[in-house]
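Commentary on secondary and tertiary structure
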Amino acid sequence: MAENRTYAYCRVSKNDGSMTIENQIHAIELYAKENNITISTFYKDECKGDTPVDRRQQLPVMLANLRKGDTVIVVEVFRLHRSASGLEKLYREIIEDKGAEFITLNEKEKILNTTEKNDDLIQQGMKKIVLNVLAMCGELEKRNISTRTKRALQERKDRGIVLGRPKLVIPKNFKELFLKACDNSNSYTHVQAMKDLGLKKTSYYKLAKTI
């Protein structure tokens, strides 16, 4: 009979602020050490919280490998999914369809842990309520982040700050120096041309396409 395994799932998106893959791994490793648990595999995704499961790189792999008696650990349930429907579906797939255990390290979410076998009908109902409430809070926070980001960008725009990458300006002598570097009859190189023009390699060859 195969040995039960413990898997850790970590997810981060560009809007997560201080939440990184590294600090999730650190928190899970600390918990595992304190509880004498061996983590078999860390599955890591970089995507938005509402990204469908089949469009993620690692979560589908973890679910495919999950067997009855295995355990899934996350730092918080939002790492699985942000939406109420998506979160409940994944949670139930893990504990009901797969027959695996579930652990969240977030103290406010501990009711969702399945490692203590003392569930009754009331607690099962409470878990569903908690899942929905947490998911709604996560959705509100997601919208708040989006609103704050848009407001900050608008404020910068109102102050005359140019958003995005600055426009690449072609130096007056670019064509002359570029053609000189292309001429094999002299020792002048593209590296020297980049230095003289004050351009990085990417910008240099990007401008070369405009000639």
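Preceding this paragraph is the structure being described.
Residues numbered from 1 in each chain as written. Predicted model: local features only at pLDDT ≥ 70, side-chain atom pairs only at ≥ 80, totals over all residues. Heavy atoms only, no water.

A few points about the pairing of strand 4 (residues 101-104)
The test is simple: Per-residue accessibility, obtained with a 1.4 Å probe over protein chains only, is compared with the maximum for each type, and a residue is labelled buried under 20%, exposed over 50%, and partly exposed between these values. Only DSSP runs of H or I reaching four residues or more are called helices, and only runs of E reaching two or more are called strands; each is numbered from the N terminus. At least two bridges found by DSSP between two strands is the condition for calling them paired. For crossovers, right-handed means that the path from the first strand over the helix to the second runs clockwise, given strands pointing away from the viewer.
Burial along strand 4 is two-sided: Glu101 and Ile103 facing one way and Phe102 and Thr104 facing the other are all buried. Where strand 3 (residues 71-74) meets strand 4, four bridges bridge the pair, whose relative direction is parallel. Residue pairing across strands places Ile73 opposite Ile103, the latter belonging to strand 4. A crossover connection joins strand 3 to the parallel strand 4 through helix 3 (residues 84-97); in handedness this β-α-β unit is right-handed.

Here we look at the packing of aromatic side chains
Short version of the rule: For this analysis, a ring pair means two rings from Phe, Tyr or Trp (six-membered ring only for Trp) whose centres lie within 6.5 Å, classed as stacked if their planes differ by under 30 degrees, edge-to-face if by over 60, and tilted for the remaining angles. For a Lys NZ or an Arg CZ to count as sitting over a ring, it must be within 6 Å of the ring centre and within 35 degrees of the ring normal.
Taken as a whole and assessed by the stated rule, the structure comprises six aromatic pairs. Ring centres 5.1 Å apart and planes at 90° place the aromatic pair Tyr204 and Tyr205 in the edge-to-face group. The exposure class of Tyr205 is partly exposed, given its relative accessible area of 36%. Connected via pairs of aromatic rings, a cluster forms that spans Phe174, Phe178, Tyr204 and Tyr205. Positioned above the aromatic ring of Tyr188, the side-chain terminus of Lys180 is 4.4 Å from the ring centre.

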